[in-house]
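Spelled out, the chains give:
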Amino acid sequence: MTGSRETLPHVVILGGGFGGLYAARSLRNAPVRVTVVDRQNHHLFQPLLYQVATATLSPGEIASPIRGLLGREVTVLLAEVTGVDVAGKRVLLADGELTYDFLIIATGATHSYFGHDEWAKHALGLKTVDDALEVRRRVLLAFEMAERETDPVRRRELLTFVIIGAGPTGVEMAGALAEISRHTLTRDFHNIDPSQARILLLEGLPRVLPVYPEHLSEKARRSLEKLGVEVRTDTRVTHIDETGVYIGEEHIRARSIIWAAGVAASPVARSLGVELDRAGRVKVAPELTLPGRQDVFVIGDLAHFIQDGEPIPGVAPAAMQQGKQAARNLRLQLQGKPMEAFRYWDRGTYAVIGRGKAVGVAFRRFESSGFSAWLAWLGIHVLFLIGFRSKLAVLINWAYSFIAFKRSARLITGPLPELVRPGRAGEGSLRSHPGAESPVGDAAVG
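What counts as what
Residues numbered from 1 in each chain as written. Predicted model: local features only at pLDDT ≥ 70, side-chain atom pairs only at ≥ 80, totals over all residues. Heavy atoms only, no water. Helix = DSSP H or I, 4+ residues; strand = E, 2+ residues; numbered from the N terminus. Areas by Shrake-Rupley, 256 points an atom, 1.4 Å probe, with all protein chains shown as cover. Contact = heavy atoms within 4.5 Å. Buried < 20%, exposed > 50% of the residue type's maximum accessible area, 1.4 Å probe, protein only. Pairing = 2+ DSSP bridges. Right-handed = clockwise from strand over helix to strand, strands pointing away. Axes fitted to C-alpha atoms, helices over the stretch in contact; angles between N-to-C directions. Left-handed = near helix turned anticlockwise from the far one by under 90°. Nonpolar A, V, L, I, M, F, W, Y, C, P; charged D, E, K, R; others polar. Phe/Tyr/Trp six-rings, centres within 6.5 Å; stacked < 30°, edge-to-face > 60°. 1 Å grid on protein atoms, 1.4 Å probe; cavity = no way out; pocket = protein on both sides within 12 Å on 5 of 7 lines; lining within 4 Å. Points joined across faces, edges and corners; volume = space filled by probe spheres on them. Expected span 1.5 Å × (residues − 1). Arc of directions from axis to C-beta. Core = buried A, V, L, I, M, F, W, Y, C linked by side-chain atoms within 4.5 Å. Salt bridge = Lys/Arg side-chain N within 4 Å of Asp/Glu carboxyl O.

A. The overall build of the protein, seen in detail. Helices and strands together make up the secondary structure of the protein, namely eleven helices and 29 strands. Surface summary for the protein: the accessible area is close to 19600 Å², and the carbon and sulfur share equals 52%.

Listed below in structure tokens is the structure:
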């Protein structure tokens, strides 16, 4: 690195998600040095994680190495951020520290179990590639174990899948599991009928997709029920253990539980010494800066930003736009010009329910459902995927899945499990051999 480059202002970006990636790209030709820090070496397209979990896509089709996306103009560090010393202008790492002139924090969100972190090992979420692969492993193993099981009660438990939370992730996951059992696997087994799998979608609020207009929520519910999903609203989970889910006194015995009911902001926010909202997000200024600081920007899922009286949603397009705006405001500061307030352009949100079915709202006004909404969902997701190879691979896999009712990524990875019979340790739970534990994570609870 040349001496002149060393004298340039140092911009540190925490997080290689959509917000951090778009901020880094927008600063490529600026008179600054840019360092991106992330604990993973890849950028992940999280909206399609559930398709990895349900064997439609492979991880490499929705994830790309950060270094390859940003090139040599940007320094990329693989490290764990433990906090920020705002006064000292330092980023604290698990194995050191970084100094900065400007800081853009885009560390996103993690799972929230509403004070019941002990549920995490039983109810898996979807935030990382590891999460998705473990969900896929458990789902496919459930069918394999049921094929060998002779006890009808135990077999029923293995073929019961519970999804907690009926937001977009929960609805999409429930629809995908229904299609796997009703279509993909129907001819693959001799001793079981996969189409008899029980899929339950639990939601604590009165309807599924609660942020959508009521009639679209009702259409989504009807579509799920036609697929064979048992939808329960106004339902509060009170306990989760290795035997299943408790709803008050009711016990639903299940071996596959997926958490899609709550998220919490990255714990990095707590080190900033500013006011946070109930979810732990930073209440940012209109310019996306930390209150009282012009050298620190907070964007993406970590930012609590109010527009027209409502917080903007924690979705990929919002993070992308904030990343660009943070980079623009940083450039304006370097030029001695006043920063500009951020304004989110809501192009629309969509939730896919199943093959050829979705609901969505575009530009906050235009509502759609059915096949047209599904096409819009498909187009938007392909548009936002990073890289031509990923776009092409995803399109090919979607076409194959749509035409043939098949899923090309039905691989079970990790150690083989052992079947623990009722009356032994775990009351008949599906357990891995020692050392097979995997990261768990994402998640409506009472």
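B. Just the environment of Thr-413, in detail. Within the element layout of this structure, Thr-413 appears in the loop between α11 (388–404) and β28 (417–419). Note: C-alpha distance between Thr-413 and Leu-133 (280 residues apart in sequence) is 7.8 Å. Excluding anything up to four places from it in sequence, Thr-413 contacts Arg-136 and Arg-137.

C. Highlighting the pairing of strand β13 (residues 198–202). Counting buried positions over the five residues of β13 gives four, a clear majority of the element. Across five bridges, the pairing between strand β12 (residues 160–164) and β13 is parallel. In the sheet register, Ile-164 faces β13, and the bridge partner there is Leu-202. Note on the crossover from β13 through helix α8 (residues 214–226) to strand β14 (residues 229–232): the handedness is right-handed.

D. Representation of the sheet that holds strand β8 (residues 96–99) within the structure. One open sheet accounts for three strands, arranged β6-β7-β8; its pairing is antiparallel. On the outer flanks of this sheet lie β6 (81–85) and β8, each paired with one strand and no other. Between one strand axis and the next, the sheet turns by 20° as a mean value, whatever way the strands run. Here four bridges tie β6 to strand β7 (residues 90–93), and the two strands are oriented antiparallel to one another.

E. Representation of the packing of helix α2 (residues 18–26) against helix α9 (residues 316–334). Running from N to C, α2 and α9 cross one another at 35°; their axes reach a closest spacing of 7 Å. The two elements α2 and α9 cross, and the hand of that crossing is right-handed. Along the contact surface, α2 presents Phe-18, Gly-19, Tyr-22, Ala-23 and Ser-26, while α9 presents Ala-316, Ala-319, Met-320, Gly-323, Lys-324, Ala-327 and Arg-331. In terms of residue class, the contact of α2 with α9 is made up of seven nonpolar, three polar and two charged.

F. Just the packing of aromatic side chains, in detail. This model, assessed by the stated rule, comprises eight aromatic pairs. Geometrically, the ring pair formed by Trp-119 and Trp-259 is edge-to-face, given 6.0 Å between the ring centres and 65° between the ring planes. Pair noted here: Trp-119 is in the loop between β10 (109–111) and β11 (123–124) and Trp-259 is in strand β18 (residues 256–259), with a separation of 140 residues, a long-range link. By relative accessible area, Trp-119 is classed as buried at 0%.

G. Expanded view of empty space enclosed by the protein. Put simply, the second largest cavity is a space of about 40 Å³. Taken together, His-43, Phe-45, Glu-61, Ile-62, Ala-63, Ser-64, Leu-385, Ile-386 and Ser-390 make up the full set of residues lining the second largest cavity. Of the residues assigned to the lining of the second largest cavity, the class counts are five nonpolar, three polar and one charged.

H. View of α8. Here α8 spans 19 Å end to end across 13 residues, near enough to the 18 Å set by a 1.5 Å rise per residue. For α8, the full list of buried residues reads Leu-216, Ser-217, Ala-220, Ser-223 and Leu-224. For α8, the arc enclosing every buried residue in end-on projection is 125°, short of the 170-degree limit, so these residues lie on one face. Facing away from the buried surface of α8 by more than 90 degrees, the exposed residues are Glu-214 and Lys-226. Where the residues of α8 are buried, they touch α7 (168–184), β13, β14, β25 (349–354), β26 (357–362) and β27 (366–369).

I. Just the nonpolar core, in detail. If you look at the biggest cluster of nonpolar residues, it comprises 126 residues, and the most contacted ones within it are Ile-104 and Ile-105. Looking at this core element by element, the count peaks at eight residues for helix α5 (residues 129–148). Formed by 16 residues, the second largest nonpolar core is a distinct cluster that contains Trp-119, Ala-123, Leu-200 and Ile-247.

J. Structural context of the sheet that holds β13. Read from one edge to the other, the open sheet built from five strands follows the order β11-β18-β12-β13-β14, with strand pairing classed as parallel. This sheet does not close on itself; its edge strands, each paired only once, are β11 and β14. Where β13 and β14 come together, four bridges link them in parallel fashion. Following the sheet pairing, Leu-201 is matched in β14 by Val-231. Strands in contact with α7 are β12, β13, β14 and β18; relative to β13, the strand with the most contacts, it is inclined by about 175°.

K. Representation of the pattern of salt bridges. In total, this model carries 19 salt bridges according to the counting rule given. With a shortest N-O distance of 3.9 Å, Arg-222 and Glu-218 are connected by a salt bridge. Placement of the pair is Arg-222 and Glu-218 together in helix α8, with a separation of four residues, close to one helical turn. On the basis of relative accessible area, Glu-218 is assigned to the partly exposed category, the value being 37%. The partner of Arg-293 in a salt bridge is Asp-295, and the shortest N-O contact between them spans 2.9 Å. A relative accessible area of 25% means that Arg-293 is categorised as partly exposed. Note on Asp-295: relative accessible area 9%, which makes it buried. Look at the salt bridges and you will find they share partners, linking Arg-198, Glu-230, Arg-232 and Glu-250 into a network.

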